[in-house]
Amino acid sequence: SRKRFKELSERAGSQSVDQTPPGRAPRYFDLDFGGKSPMIHLPVNDSLKKKIRDSFAGIMSEAMSSKLSDECPQAVVLQKKEYRAAAVMLCQQAFHREGEKPPPNSAARPDSYLPKAKSPFKDVTADGAQAGIAFCGMGQLFLRTNDSPQLSGLGEVICDCSAVSGFPVRQAFERLGAVASFRRGQGDAWELTAIDWRHGDKVVKPGEPGWEHAKFAWRCSLITHMTVVHHLVWTHWIVANALASSSRETLGPDHPVRRLLQIVTYNTYSINHNSALSLFPEAGMLHRMSCFHYEQLQG
């Protein structure tokens, strides 16, 4: 991706203004949420390559959904903390790379295929790091005044990731959903005071049994809700899709607003189409990477 971005100026599509007359796209990829919410129509180019890829993706999706199920063999369920730590180490080993420097056009660490973090946390599990995630990271989307009866008197602000607590999860997973409370500490710094852990149905405070797990549950709830709802659905499929498609459908190629939007919506059709093929289907990447049944993701 970095290589393609660096060579963007050499691509034919970036050299001239899009002269396509205003009008609807040749065809659309429909995101059907099972009647639980309005259908989203993603414009798709009508090339033979796109049609062949769509057909192949459809065949693979049907094959995956027919062969895979939400059943979890008991042999792979992590029953102990030590087993979970071993699983983390196995994942780290899978991304380990031998060598002293990463390949060209890569931001990966020398010893890993994973990219470097732009602003890394030295210890993402530390109490102070949770405040950084909530107030300086993706948690900002979920901040509000503390009006929670369960967290009354434990801080002025909460980071509420409890919306996902009502969704059933697959076997061997625990239910998501947690609310973190913060109060002003010394030097006006925010301090984490407690977490309302929904699966455990209790409020956990620093130093109490289950504190580290409650923080883990809050982080998992935060990244899952943000990735699925705010990033994938709202940012890509609703906002970016509406901006790109409406400017193409209603404005002429020389209209100044369309020419401006061409810059910020460049390649949106392709990005959204790719995400729909890989993430949206049953047994797709999003379904398999999350703890939810497919019906819950559609909702």
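Here goes a summary of the coordinates provided. (Residues numbered from 1 in each chain as written. Predicted model: local features only at pLDDT ≥ 70, side-chain atom pairs only at ≥ 80, totals over all residues. Heavy atoms only, no water.)

**Considerations on the packing of helix α5 (residues 211-250) against helix α7 (residues 268-279)**
Thought 1: Across the interface, α5 lies against α7 with an axial gap of 9 Å and an inter-helix angle of 140°. Relative to α7, the crossing made by α5 is left-handed. On α7, the residues touching L232, H236, W237, A240, N241, A244, S245 and R248 of α5 are T268, Y269, I271, N272, S275, A276 and L279.
Thought 2: Across the contact of α5 with α7, the residue classes tally to eight nonpolar, six polar and one charged. (Axes fitted to C-alpha atoms, helices over the stretch in contact; angles between N-to-C directions. Helix = DSSP H or I, 4+ residues; strand = E, 2+ residues; numbered from the N terminus. Left-handed = near helix turned anticlockwise from the far one by under 90°. Contact = heavy atoms within 4.5 Å. Nonpolar A, V, L, I, M, F, W, Y, C, P; charged D, E, K, R; others polar.)

**Let's talk about the side chain of R258**
Thought 1: Counting through the fold element by element, R258 comes out in helix α6 (residues 256-264).
Thought 2: A distance of 2.8 Å separates a polar side-chain atom of R258 from the backbone oxygen of T20.
Thought 3: Discounting residues that sit within four places of it in the chain, R258 has contacts with D18, T20, P21, P22, S247, R248, L251, G252 and P253. (Polar contact = N/O pair within 3.5 Å; in protein donor to acceptor, adjacent residues only side chain to side chain.)

**Quick notes on a nonpolar patch on the surface**
Thought 1: A contiguous nonpolar patch, built from F56, M60, M64 and L68 and spanning about 370 Å² of accessible area, is present on the exposed surface.
Thought 2: You can call F56 exposed: its relative accessible area is 54%. (Patch = residues over 30% accessible without salt bridge, like charges linked within 9 Å, V, L, I, M, F, W, Y side chains within 5 Å. Areas by Shrake-Rupley, 256 points an atom, 1.4 Å probe, with all protein chains shown as cover. Salt bridge = Lys/Arg side-chain N within 4 Å of Asp/Glu carboxyl O. Buried < 20%, exposed > 50% of the residue type's maximum accessible area, 1.4 Å probe, protein only.)

**Section: unusual backbone geometry**
Generally, phi is negative for residues other than glycine and the peptide bonds are trans, each holding for most cases.
Thought 1: The phi dihedral of D188 is positive, around 65°, even though this residue is not glycine.
Thought 2: Topologically, D188 is positioned in the loop between β5 (178-184) and β6 (190-197).
Thought 3: The class for D188 is exposed, based on a relative accessible area of 53%.

**Digging into the sheet that holds strand β7 (residues 202-204)**
Thought 1: Across the sheet, five strands lie side by side as β3-β4-β5-β6-β7; this open sheet has antiparallel pairing. Strand pairing shows two members of the sheet lacking a second neighbour, β3 (143-145) and β7, which therefore form its edges. Put simply, the sheet's adjacent strands are angled 30° from each other on average, direction ignored.
Thought 2: Here β5 runs beside β6; their pairing, made up of seven bridges, is antiparallel. When the sheet's bridge partners are listed, R184 is paired in β6 with W190. (Pairing = 2+ DSSP bridges.)

**As for the pattern of salt bridges**
Thought 1: Per the stated rule, a full pass over the model turns up eight salt bridges.
Thought 2: Residues D54 and R27 are paired through a salt bridge, measuring 3.0 Å at the closest nitrogen-oxygen approach. Of the two residues, D54 sits in helix α2 (residues 48-67) while R27 sits in strand β1 (residues 27-31), which places them 27 residues apart along the sequence.
Thought 3: Between R198 and D196 there is a salt bridge, with its nearest N and O atoms 3.0 Å apart.
Thought 4: Overall, the relative accessible area of 4% leaves D196 in the buried class.

**Structural notes on the nonpolar core**
Thought 1: Counting residues in each nonpolar core, the largest one holds 22 residues, and the members touching the most others are F29, L31, L42, W237 and F292.
Thought 2: Elements with a contribution of two residues or more to this core: β1, β2 (40-44), α5, α7 and α9 (294-298).
Thought 3: Looking at this core element by element, the count peaks at four residues for α5.
Thought 4: When near neighbours in sequence (up to four residues on either side) are disregarded, F29 contacts I40, H41, L42, V44, H273, A276 and L277.
Thought 5: Grouped together as the second largest cluster of nonpolar side chains are 21 residues, A134, C161, A178 and F182 included. (Core = buried A, V, L, I, M, F, W, Y, C linked by side-chain atoms within 4.5 Å.)

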